[in-house]
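As a plain string of letters, each chain reads:
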Amino acid sequence: MIDHATLIAYILIVLGFVFIPGPATLLTMARAASSGTKVGIATGAGIAAGDVIHTSMAIVGLSAIIATSALLFSLVKYAGAGFLIYLGIRAMIDKAPIGLDGGAPAITAGRAFRQAMLTEVLNPKTALFFLAFLPQFVRPEHGSVTIQLAILGIVFVLLGLLSTVVFAVGAGRLGNLLRRHPAVVKWQGKVVGTIYCAVGVRLALQER
């Protein structure tokens, strides 16, 4: 098993990583601000589910294939970027579905969960991160490498979920206040869409 000193160091590093705003945080906050806290939390849960898949991929070695295959890396990268840009364009051209009287949310929690999970799964940088980061805290002399990788991956997923929930709650409350103003309702889709497109372009331009 993982010794306590290594596990504590790992947790502190991951905490610093997950609470620094990044693409996952931006997506969660955008969903929460535009569609409410529940949808924001569902987005964070979807990202966590995607990270569970990446942990499994790292364990079975699929991430290694992505790391060594330029073609596969590019295919996954552009698929993820294209999906984000698609969501961004849809958000910018769709009419704001949230009324000032507190109407239905712009997206259901279930749909937000599925979209976030797919977006996270299609991010090759996340796969490479798990492949490069997790093994640094594995000690073969402490037992099964597979179990150690699984523990490290689960810890990362749980801490990541904690951070996205915190950001979702904060952004959701702020969004509830801002949506009372007509100008915000009119422009929130464009702002959210711009965030999605920016994250998608950033992903597309990333190098291996």
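Structure: see above.
Residues numbered from 1 in each chain as written. Predicted model: local features only at pLDDT ≥ 70, side-chain atom pairs only at ≥ 80, totals over all residues. Heavy atoms only, no water.

### Brief notes about a nonpolar patch on the surface
Here is step 1: On the surface, Phe19, Leu162 and Val166 cluster together into a nonpolar patch covering about 240 Å² of accessible area.
Here is step 2: Judged by relative accessible area, which is 44%, leucine 162 ranks as partly exposed. (Patch = residues over 30% accessible without salt bridge, like charges linked within 9 Å, V, L, I, M, F, W, Y side chains within 5 Å. Areas by Shrake-Rupley, 256 points an atom, 1.4 Å probe, with all protein chains shown as cover. Salt bridge = Lys/Arg side-chain N within 4 Å of Asp/Glu carboxyl O. Buried < 20%, exposed > 50% of the residue type's maximum accessible area, 1.4 Å probe, protein only.)

### Considering the packing of aromatic side chains
Here is step 1: Counting across every chain of the model gives one aromatic pair.
Here is step 2: Consider the rings of tyrosine 10 and phenylalanine 137, whose centres lie 4.9 Å apart with planes at 70°: the pair is edge-to-face. Of the two residues, tyrosine 10 sits in helix H1 (residues 4–18) while phenylalanine 137 sits in the loop between helix H7 (124–133) and helix H8 (145–178), which places them 127 residues apart along the sequence. Each member of the pair tyrosine 10 and phenylalanine 137 is classed as buried. (Phe/Tyr/Trp six-rings, centres within 6.5 Å; stacked < 30°, edge-to-face > 60°. Helix = DSSP H or I, 4+ residues; strand = E, 2+ residues; numbered from the N terminus.)

### Here we look at the environment of phenylalanine 167
Here is step 1: Take phenylalanine 167: it is sitting in helix H8.
Here is step 2: Classification of phenylalanine 167 as buried rests on a relative accessible area of 18%.
Here is step 3: The spacing of phenylalanine 167 and phenylalanine 19 is 148 residues in sequence and 8.9 Å in space, taken between C-alpha atoms.
Here is step 4: Sequence-distant contacts of phenylalanine 167, that is, excluding residues within four places in its chain, are made with Val18, Phe19, Thr25 and Met29. (Contact = heavy atoms within 4.5 Å.)

### Points about the side chain of threonine 164
Here is step 1: Relative to the elements of secondary structure, threonine 164 occurs in helix H8.
Here is step 2: For threonine 164, the side chain forms a polar contact with the main-chain oxygen of leucine 161, separated by 2.9 Å.
Here is step 3: Other than its neighbours up to four places away in sequence, threonine 164 contacts Thr28 and Gly44. (Polar contact = N/O pair within 3.5 Å; in protein donor to acceptor, adjacent residues only side chain to side chain.)

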